[in-house]
Amino acid sequence: MLIIDPDKCNACGLCKTSCPFGAIAVEDEVAQVNELCTLCGACVNVCPQEALAIERRQASLEELSQYKGVFIWAECESFGGKKYSPKKVAYEILAKGRELADQLGEQLCAVVLGDDRLSGLDGLCYRGADRVLCCRHPLLGRYTSDGFTSVISAVIAKEKPSIFLYGATANGRDLAPRVAARMRLGLTADCTGLAIDDHGQLIQKRPAFGGNIMATIISPHTRPQTATVRPNVFNAVEPDRARPVSIADVQVTLNKANIRTRLIEEIRLESEAERIEEAQIIVSAGRGCQDPINLDVIRRLARKLGGVLAGSRAIVEAGWIPHSLQVGQSGTTVGPDLYIAIGISGAVQHVVGMSSSKTIIAINKDPDAPIFKIADLGIVGYAMAIVPKLIHEIELIKLR
Ligand SMILES: Cc1cc2nc3c(=O)[nH]c(=O)nc-3n(C[C@H](O)[C@H](O)[C@H](O)COP(=O)(O)OP(=O)(O)OC[C@H]3O[C@@H](n4cnc5c(N)ncnc54)[C@H](O)[C@@H]3O)c2cc1C
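Residues numbered from 1 in each chain as written. Predicted model: local features only at pLDDT ≥ 70, side-chain atom pairs only at ≥ 80, totals over all residues. Heavy atoms only, no water.

Q: What is the right way to look at unusual backbone geometry in this model?
A: Among all residues except glycine, the phi angle is most often negative; among peptide bonds, the trans geometry is most common. Here R223 and P224 are connected by a cis peptide whose omega angle stands at -5 degrees. Note that P224 resides in the loop between β14 (213-217) and β15 (225-229). Even without glycine at this site, D190 takes up a positive phi of about 60 degrees. Residue position: D190 is located in strand β11 (residues 187-191). At N232, a position not held by glycine, the phi torsion is positive, near 70 degrees. Its place among the elements puts N232 in the loop between β15 and β16 (247-250). According to the relative accessible area criterion, N232 is buried, its value standing at 3%. (Helix = DSSP H or I, 4+ residues; strand = E, 2+ residues; numbered from the N terminus. Buried < 20%, exposed > 50% of the residue type's maximum accessible area, 1.4 Å probe, protein only.)

Below, the structure written as structure tokens:
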């Protein structure tokens with residue numbers, strides 16, 4: 001907390017002007033701090049009287065041990081404006097959450113926010129959750145930073161989980177840091193690996209320094225330990241309908257005045273990155289495709305299969321495709337049913353972004369290319385000799 005020493009403060013107001021959050025007022029000849037303070041320290045640095053100090057109290061081991069349970073935010077999306085059901089990424093984190101909860105011997109809980117359209121929540125229990133906390137409110141029918149931050153923070157304050165995970169979706173990347181800042185928690189963004197260490201702490205792994213190292217991060221002093229996880233990093237498990245269903249409604253207190261943003265108009269832009277993240281079939285091109293002109297043929301193959309075009313970093317750097325279509329460590333992580341890698345060597349930074357694909361087919365002229373080590377099916381040969389033949393065969397199959 002921010003401590004202001006009234007004996008030293010001369011009410012000069014420098015702290016008030018330096019505060020980016022409007023958290024300081026000068027009243028009765030002394031500086032006063034309000035709840036908007038984020039402990040950023042800007043005021044402490046400017047005070048000529050050294051009247052301000054930040055006191056950070058470290059939680060004791062006993063306090064930390066009171067936090068139990070692995071929680072995930074099961075983000076929902078609306079289908080045709082009617083149903084509002086969990087996204088694929090919610091099932092992926094649930095699968096990982098189940099493993100972590102089993103290792104800790106604790107419960108796995110999915111937290112769902114939405115309005116009356118919420119449905120399909122049984123599936124969260126069938127895929128691993130011991131219980132679902134359902135936060136329904138007319139103001140939660142659409143994501144808002146203020147509304148969702150308030151509700152998730154309230155759930156954390158009441159339930160005291162030891163771990164809280166979010167999908168690193170656009171909304172998850174907005175929500176997780178807000179909750180972390182409000183509740184003074186540690187947060188690791190974009191994790192690609194999660195595990196439990198011998199002390200029961202969450203080990204969070206993520207690429208750092210432009211992907212040149214894998215960082216291992218722990219949050220030893222705060223609970224819950226919070227992390228966002230990229231979509232398509234973990235595989236969801238098949239539903240087990242024999243699992244018991246436990247869904248509890250949570251009372252939500254929210255009013256319009258708490259939500260500072262207002263939806264005026266919705267314009268849906270089709271994002272290419274979103275398309276490859278969700279695509280079930282991806283045809284991916286690498287430097288071995290030799291010329292950007294050849295991408296027309298690769299794209300045709302993708303379309304014939306009902307899929308989308310993506311590529312390696314080599315062809316993004318060459319300016320053949322935008323970065324939004326790059327698969328890999330510094331691009332998008334994908335997990336389609338079918339991934340066809342054409343003229344891609346299979347560098348580790350590419351493979352981490354697509355190895356969870358269900359079936360991988362590689363076409364490469366080099367029989368020793370590393371991509372063949374992870375491919376289910378390999379074709380050794382020149383890309384532009386093989387791809388047109390594949391297109392022709394697909395056309396023939398479609399005619400039959
Ligand atoms: C920090 C960091 C982050 C990175 N992030 C990513 C990332 O997110 N995604 C990514 O893709 N890479 C990433 N990279 C780059 C990665 O290391 C590789 O350089 C890149 O994946 C290589 O792309 P490529 O396979 O298309 O090209 P190359 O490595 O040049 O491979 C071309 C392949 O095509 C084959 N070939 C050549 N001609 C033909 C032909 N006519 N027909 C068929 N096959 C042919 C060759 O045998 C070869 O195997 C990253 C690197 C670093 C250092």
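Having seen it, we continue.
Q: Looking at this structure, how should I read the sheet that holds strand β17 (residues 281-285)?
A: Strand pairs in the sheet, formed through backbone hydrogen bonds, run parallel or antiparallel to each other. With respect to topology, five strands assemble into an open sheet ordered β18-β17-β19-β20-β21, the strand pairing being parallel. Of all the strands in the sheet, just β18 (308-311) and β21 (377-380) have a single pairing partner and so form its edges. When strand polarity is set aside, the average angle formed by the axes of neighbouring strands in this sheet is 20 degrees. Here β17 runs beside strand β19 (residues 338-342); their pairing, made up of five bridges, is parallel. When the bridges of β19 are listed, I281 appears paired with L338. Running at roughly 165 degrees to β17, helix α9 (residues 295-304) makes contact with β17, β18 and β19 of the sheet. (Pairing = 2+ DSSP bridges. Axes fitted to C-alpha atoms, helices over the stretch in contact; angles between N-to-C directions. Contact = heavy atoms within 4.5 Å.)

Q: Help me understand the environment of R223 in this model?
A: The residue R223 is located in the loop between β14 and β15 in this model. Overall, R223 belongs to the buried group, its relative accessible area being 14%. Along the chain, R223 and G186 lie 37 residues apart, while their C-alpha atoms are 8.0 Å from each other. Within the local environment of R223, its side chain forms a polar contact with the backbone oxygen of S219, the two atoms lying 2.9 Å apart. (Polar contact = N/O pair within 3.5 Å; in protein donor to acceptor, adjacent residues only side chain to side chain.)

Q: Would you mind showing me how to read the nonpolar core here?
A: For soluble globular proteins, the rule of thumb is that nonpolar side chains tend to be buried together. By size, the foremost hydrophobic cluster in this structure holds 54 residues, and its most contacted members are L113, L124, I152, L165, Y166 and L194. With near-sequence residues (within four places) excluded, L194 lies in contact with K96, L100, L165, L202, I203, Q204, A227, V229 and F234. Within the second largest apolar cluster, 42 residues are counted, among which are I281, A285, V316 and I342. (Core = buried A, V, L, I, M, F, W, Y, C linked by side-chain atoms within 4.5 Å.)

Q: Explain helix α13 (residues 383-399) to me, please; I cannot follow it from the model alone.
A: Between its first and last C-alpha atoms α13 spans 24 Å; for 17 residues at 1.5 Å apiece the expected length is 24 Å, and the two agree. Regarding α13, the residues found buried are A383, I386, V387, I391 and I394. Taken down its axis, α13 places every buried residue within 135 degrees of arc, on the same side. Looking at α13, the residues exposed on the side facing more than 90 degrees away from the buried face are K389 and L399. Of the surrounding secondary structure, the elements contacted by the buried residues of α13 are α9, β19, β20 (359-364) and β21. (Expected span 1.5 Å × (residues − 1). Arc of directions from axis to C-beta.)

Q: Could you clarify how one ought to interpret the side chain of Q204 in this entry?
A: Relative to the assigned elements, Q204 resides in strand β13 (residues 202-208). Within polar-contact distance, the side chain of Q204 engages the backbone oxygen of L202 at 3.3 Å. Discounting chain neighbours no more than four positions away, the residues touching Q204 are T188, C191, G193, L194, A215, T216, I217, I218, S219, Q225, T226 and A227.

Q: Explain α9 here, please?
A: An α-helical turn contains 3.6 residues, so any two residues separated by three or four positions project in the same direction. L295, I298, L301 and A302 are the residues of α9 that are buried. In a view along the axis of α9, the buried residues occupy a sector of 115 degrees, so they form one face of it. Its buried side turned inward, α9 meets β17, β18, α10 (313-317), β19 and α13. At the C-terminal side of α9, G306 shows a positive phi close to 80 degrees.

Q: What should I look at first to understand the pattern of salt bridges in this one?
A: Any two side chains of opposite charge can pair, on the condition that their charged atoms come close. Overall, the coordinates contain 16 salt bridges when judged by the stated rule. Close ionic contact of D146 with R260 constitutes a salt bridge, the shortest N to O distance being 2.9 Å. Linking D146 in helix α6 (residues 145-159) with R260 in the loop between β16 and α8 (272-278), this pair joins segments that are 114 residues apart in sequence. The residue K158 makes a salt bridge to E159 at a minimum N-O spacing of 3.8 Å. Among the residues examined, K158 registers a relative accessible area of 67% and is labelled exposed. (Salt bridge = Lys/Arg side-chain N within 4 Å of Asp/Glu carboxyl O.)

Q: Before we go on, may I ask you to explain the sheet that holds strand β9 (residues 131-136) in this structure?
A: Across the sheet, seven strands lie side by side as β11-β15-β10-β5-β8-β9-β16; this open sheet has parallel pairing. The sheet is open, and its two edges are formed by β11 and β16, each paired on a single side. On average, each strand axis in the sheet is tilted by 25 degrees relative to the strand beside it, whichever way the strands run. Bridge count between strand β5 (residues 70-73) and strand β8 (residues 108-114): four bridges; the pairing is parallel. Residue pairing for β8: F71 is matched across the bridge by C109. Set on the sheet, helix α7 (residues 170-183) makes contact with β5, β10 (163-167), β11 and β15; between it and β10 the angle comes to about 150 degrees.

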